Amino acid sequence: MQGRVHSVETFGSVDGPGTRFLIFLQGCHMRCRYCHNADTWAQDAGTWRTAEELLAQAERYRPYWGREGGITVSGGEPLLQAAFLLELFTKAKARGISTCIDTSGQPFNRREPFFSTFQALMEVTDLLLMDIKHLDPQRHRLLTGQDMDSIQDCFRYLSQIGKPIWVRQVLLPGWTAEEGYLRQVRAFLDTLDNVKKVEVLPYHSMGQFKWEALGIPYPLKDAQPPTQEQITLAEQILTGRA
């Protein structure tokens with residue numbers, strides 16, 4: 001089996017525990033206004049790679065991973081290639097490699113054949129990194145171009161099976177930086193039993209050049225990054241310290 005791969009990074013330090021080999025798969029249905037990987041959206045682009053090829057490349061860097069490091073698969077949206085991801089992670093676990101998925105959860109559903117594939121994938125996945133885009137359905141669609149139902153169902157299912165997740169909230173003034181909204185997110189997190197870490201990701205526009213290179217108007221040209229005060233407040237609320 002082959003998967004469509006956008007790119008790899010050999011030394012990732014913010015995408016899961018320890019130092020990690022990052023694989024970015026091609027294709028995504030979301031159109032997040034702040035996306036810094038718009039070049040991963042198209043599902044018919046990328047390079048075909050096998051699991052064996054990727055693992056052989058990854059293991060060249062294994063001496064640098066330490067006890068916590070391993071492989072993180074991001075995108076794009078990796079769950080759009082769930083069958084390939086299952087093969088990759090099955091082979092990785094056979095080699096004793098830690099596995100992590102960075103996903104929006106948007107492709108999740110309980111229909112076949114996806115659901116059985118997802119269940120098998122969770123057996124060979126150590127950790128998931130999941131973003132909360134927005135909790136309000138209308139704001140979520142405006143921000144991402146997609147509904148939020150499947151994403152929330154994914155959160156609930158992962159909590160039900162006790163699969164560890166790290167939750168990330170992009171802090172975007174005017175959208176997700178207000179105290180009232182942040183307290184809603186904290187209340188949602190309190191309904192989950194599997195959250196091991198919460199991270200605040202301050203909005204930045206470093207991916208704007210990719211939109212422009214693709215000829216796509218960047219929708220947040222006037223957006224400002226959050227202040228340090230906003231970042232601190234968000235961290236305190238989302239980690240339950242305020």
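What counts, and where the lines are drawn
- Residues numbered from 1 in each chain as written.
- Predicted model: local features only at pLDDT ≥ 70, side-chain atom pairs only at ≥ 80, totals over all residues.
- Heavy atoms only, no water.
- Helix = DSSP H or I, 4+ residues; strand = E, 2+ residues; numbered from the N terminus.
- Rg over C-alpha atoms; globule rule 2.2 N^0.38 Å.
- Buried < 20%, exposed > 50% of the residue type's maximum accessible area, 1.4 Å probe, protein only.
- Arc of directions from axis to C-beta.
- Contact = heavy atoms within 4.5 Å.
- Core = buried A, V, L, I, M, F, W, Y, C linked by side-chain atoms within 4.5 Å.
- Pairing = 2+ DSSP bridges.
- Axes fitted to C-alpha atoms, helices over the stretch in contact; angles between N-to-C directions.
- 1 Å grid on protein atoms, 1.4 Å probe; cavity = no way out; pocket = protein on both sides within 12 Å on 5 of 7 lines; lining within 4 Å.
- Points joined across faces, edges and corners; volume = space filled by probe spheres on them.
- Salt bridge = Lys/Arg side-chain N within 4 Å of Asp/Glu carboxyl O.

S.K.: I tried to follow the overall build of the chain on my own but got confused; where do I start?
M.R.: What the chain contains, in helices and strands, is 8 helices and 8 strands. Whereas a compact globule of 242 residues would reach a radius of gyration of roughly 18 Å, the chain reaches 18 Å, a difference of no more than 12%. Oriented by its inertia axes, the alpha-carbon framework of the chain measures out at about 45 × 40 × 40 Å. Across the 242 residues that make up the chain, the buried fraction comes to 50%.

S.K.: What is the right way to look at helix α1 (residues 51–58) in this model?
M.R.: Residues spaced three or four apart along an α-helix face the same direction, because each turn holds 3.6 residues. Of all the positions in α1, only Ala-51, Leu-54, Leu-55, Gln-57 and Ala-58 are classed as buried. What you see down the axis of α1 is that its buried residues fit within an arc of 160°, all on one side. Residues of α1 that are buried sit in contact with β1 (2–12), β2 (20–25), β3 (47–50), β4 (70–74) and α2 (82–94).

S.K.: What is the right way to look at the environment of Gly-180 in this model?
M.R.: With respect to the helices, strands and loops of the structure, Gly-180 is situated in helix α6 (residues 179–189). Overall, the relative accessible area of 45% leaves Gly-180 in the partly exposed class.

S.K.: Looking at this structure, how should I read the nonpolar core?
M.R.: Buried together is how nonpolar side chains tend to be arranged in soluble globular proteins. Among the nonpolar cores identified, the biggest contains 67 residues, and Ile-23, Ile-71, Leu-88, Phe-118, Ile-132 and Phe-155 are the most heavily contacted of them. Per element, the largest residue contribution to this core is 6 residues, and it comes from α2. Contact partners of Phe-155, with chain neighbours within four places excluded, come to Met-130, Asp-131, Ile-132, Ile-165, Val-167, Phe-188 and Leu-192.

S.K.: Would you mind showing me how to read the sheet that holds β1 here?
M.R.: Backbone hydrogen bonds hold the strands of a sheet together, and the pairing may be parallel or antiparallel. The strand order across the open sheet formed by 8 strands is β3-β1-β2-β4-β5-β6-β7-β8, and the pairing between neighbours is mixed. Every other strand in the sheet has two partners, leaving β3 and β8 (195–202) as the edge strands with one partner each. Within the sheet, the average angular offset between the axes of one strand and its neighbour, ignoring direction, is 30°. For β4 and strand β5 (residues 98–103), the ladder comprises 4 bridges, and the chain directions are parallel. Bridging from a neighbouring strand, Val-73 pairs with Ile-101 of β5.

S.K.: How do you make sense of empty space enclosed by the protein when you look at a structure like this?
M.R.: Under the criterion given, the structure shown has 1 cavity of 30 Å³ or more. Considered as a void within the structure, the largest cavity measures approximately 70 Å³ in volume. Taken together, Asp-131, Ile-132, Lys-133, His-134, Leu-135, His-140, Met-148, Ile-151, Gln-152, Phe-155 and Phe-188 make up the full set of residues lining the largest cavity. Every element with two or more residues in the lining of the largest cavity is listed here: β6 (127–132) and α5 (149–161).

S.K.: Even after reading the chapter, I still don't get the pattern of salt bridges, so can you show me in this structure?
M.R.: Pairing between side chains of opposite charge can happen when the charged atoms of each approach one another. Enumeration over the complete set of coordinates arrives at 17 salt bridges. Between Lys-210 and Asp-39 there is a salt bridge, with its nearest N and O atoms 3.6 Å apart. Taken together, the positions of Lys-210 in helix α7 (residues 208–213) and Asp-39 in the loop between β2 and β3 put the pair 171 residues apart, joining distant regions of the chain. Residue Arg-186 pairs with Asp-190 through a salt bridge whose shortest N-O separation is 2.7 Å. On the accessibility criterion, Asp-190 (53% relative accessible area) is exposed. One connected set of salt bridges, linked through shared partners, spans Asp-15, Asp-102, Arg-168, Lys-197 and Glu-199.

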